[in-house]
Amino acid sequence: MAAPGRMRCMYIFNRNGVCLHYHVWYRPLTTLSPQQDQKLMFGLLFSLRSFTVKMDPTSNNKGHLGVPQLPGQGCSFHAFTTNTYKLSLLETPSGIKIVLVTDPGMGDLREALRYIYSNIYVEYVIKNPLYVPGEHFRCELFNAALDQYVKTLK
Amino acid sequence: MHAISQQLSPTTGCGGIDILEADTFVLRCFQSLPGTKFFVVAEPGSQGLDALLKNIYDLYVDYVLKNPFYEVEMPIRCELFDLSLTQLILKDKAMLGSR
């Protein structure tokens, strides 16, 4: 059996919370059904974003907890770590959220996420004439390019 | 949020969020065995927050838990705890300045 490497799974959400893609490399434990898991993930990201804006020590707290934040508005978190995994997030101005769940020892993945967005997602999905925006997609070339790129991450 | 992050873990044994990294700050969490959570909000790239949290926990045990007038689960209003906490932060700041 091959070594798992450091990647666990990846989610891509659009601004409405629809999970456009879910990719798994190594996930020994799944406690919920895929739909529930994705809803929970999106909910967690939403709450953490709200929480981050509220906790920001550099700004005057004007918003109320629970108010939806526009991408780019206020302070946003880009990663959190637990003892079993690290979650890295990239939110684009169009509201696309790319979430990477990895081994906790992984370093800063912001550059990697930006690369995945501009060179893999945009190239193979957005530029694909058969893709309907706002829907879940399945694209072999995307998966292959993603797997190949991920192998280069340490 | 702590509980939700545990549910989303790809492997067993998750204890919740330890570090949260944002654009303008970093939040570190320390959980004691009975489940009391200590949070520190700091500048990004801060070093030694682990040790700082451990020291704060030691202060908490000495000035709060060992205080016979303190009721568990109530807000902490112990002057000595506040004072020693301020001293600890100033010391930490001074150490950073000297490096």
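Below, the structure is looked at part by part. Quantities reported herein were computed from a predicted structural model and do not represent experimental measurements.

## Things to note about the overall build of chain A
Of the regular secondary structure elements, chain A holds three helices and five strands. When the backbone C-alpha atoms are referred to their principal axes, chain A occupies close to 50 × 40 × 30 Å. Taking the intrachain contacts of chain A between residues at least 6 apart in sequence as the baseline, contacts between residues at least 24 apart amount to 50%. For chain A, the exposed area adds up to about 8,200 Å²; of that, 56% sits on carbon and sulfur atoms. Taking the 16 positively charged and 10 negatively charged side chains of chain A as two groups, their mean positions are separated by 4 Å.

## Quick look at the side chain of D37(A)
Tracing the backbone shows D37(A) in helix α1 (residues 34–55). If we ignore the near neighbours within four places in the chain, the residues touching D37(A) are Y11(A), R27(A), L32(A) and L8(B).

## Quick look at the interface of chain B and chain A
Chain B puts 24 residues into the contact, and the matching count from chain A is 32 residues. For the chain B and chain A pair, buried surface summed over both sides reaches about 2,600 Å², with 66% attributable to carbon and sulfur atoms. For chain B, the biggest contributors to the area lost against chain A are L8(B), P10(B) and E21(B); these three give 27% of the whole. Seen at the junction of chain B and chain A, the total is one salt bridge. Put simply, E21(B) and K86(A) hold a salt bridge, and the shortest N to O gap is 3.8 Å. Elements that contribute at least two residues to the side of chain B that touches chain A include exactly α1 (2–7) and β1 (17–22) of chain B. Tallying contributions element by element places β1(B) first for the side of chain B that touches chain A, with six residues. A breakdown of the residues in the side of chain B that touches chain A according to their chemical character gives twelve nonpolar, nine polar and three charged.

## Let's talk about the environment of C29(B)
Residue and element names in this part refer to chain B. Position of C29 among the secondary structure elements: in strand β2 (residues 26–31). A relative accessible area of 9% places C29 in the buried class. Among all residues touching C29, those that are not within four sequence positions of it are H2, I17, D18, K37, F38, F39 and L53.

## Comments concerning the packing of aromatic side chains
Inspection of the entire model under this criterion finds 16 aromatic pairs over all chains. Ring geometry for F38(B) versus Y60(B): centroids 5.0 Å apart, planes at 75 degrees, classification edge-to-face. Note that F38(B) is positioned in strand β3 (residues 37–42) and Y60(B) in helix α2 (residues 49–65), a separation of 22 residues in sequence. Neither residue differs from the other here; F38(B) and Y60(B) are each classed as buried. An aromatic cluster of three or more residues is present, and its members are Y117(A), Y121(A), Y131(A), F137(A) and F142(A).

## Things to note about helix α3 (residues 140–151) of chain A
All names here are of chain A. The end-to-end C-alpha separation of α3 is 17 Å, in line with the 16 Å expected for twelve residues at 1.5 Å each. Listed in full, the buried residues belonging to α3 are F142, N143, A145, L146, Y149 and V150. Projected down its long axis, α3 shows its buried positions confined to an angular sector of 170 degrees, all on one face. α3 presents E140, L141, Q148 and K151 as exposed residues on the side facing more than 90 degrees away from its buried surface.

## Quick look at the pairing of β2(B)
Residues and elements named next belong to chain B. Strand direction decides the pairing type here: β1 and β2, joined by three bridges, are antiparallel. Paired with L20 across the bridge in β2 is L27. Taking the residues that link successive antiparallel strands as the turn, the β1-β2 hairpin has three residues. Pairing geometry for β2 and β3, over six bridges, is antiparallel. When the sheet's bridge partners are listed, L27 is paired in β3 with V41. Between β2 and β3, which follow one another and run antiparallel, lie five residues, and G35 among them has a positive phi close to 105 degrees.

Cut-offs used in this document
- Residues numbered from 1 in each chain as written.
- Chains lettered and ligands numbered in written order.
- Predicted model: local features only at pLDDT ≥ 70, side-chain atom pairs only at ≥ 80, totals over all residues.
- Heavy atoms only, no water.
- Helix = DSSP H or I, 4+ residues; strand = E, 2+ residues; numbered from the N terminus.
- Contact = heavy atoms within 4.5 Å.
- Areas by Shrake-Rupley, 256 points an atom, 1.4 Å probe, with all protein chains shown as cover.
- Lys, Arg positive; Asp, Glu negative; His and termini not counted.
- Charge placed at Lys NZ, Arg CZ, Asp CG, Glu CD.
- Buried area = accessible area lost by both parts, 1.4 Å probe.
- Salt bridge = Lys/Arg side-chain N within 4 Å of Asp/Glu carboxyl O.
- Nonpolar A, V, L, I, M, F, W, Y, C, P; charged D, E, K, R; others polar.
- Buried < 20%, exposed > 50% of the residue type's maximum accessible area, 1.4 Å probe, protein only.
- Phe/Tyr/Trp six-rings, centres within 6.5 Å; stacked < 30°, edge-to-face > 60°.
- Expected span 1.5 Å × (residues − 1).
- Arc of directions from axis to C-beta.
- Pairing = 2+ DSSP bridges.

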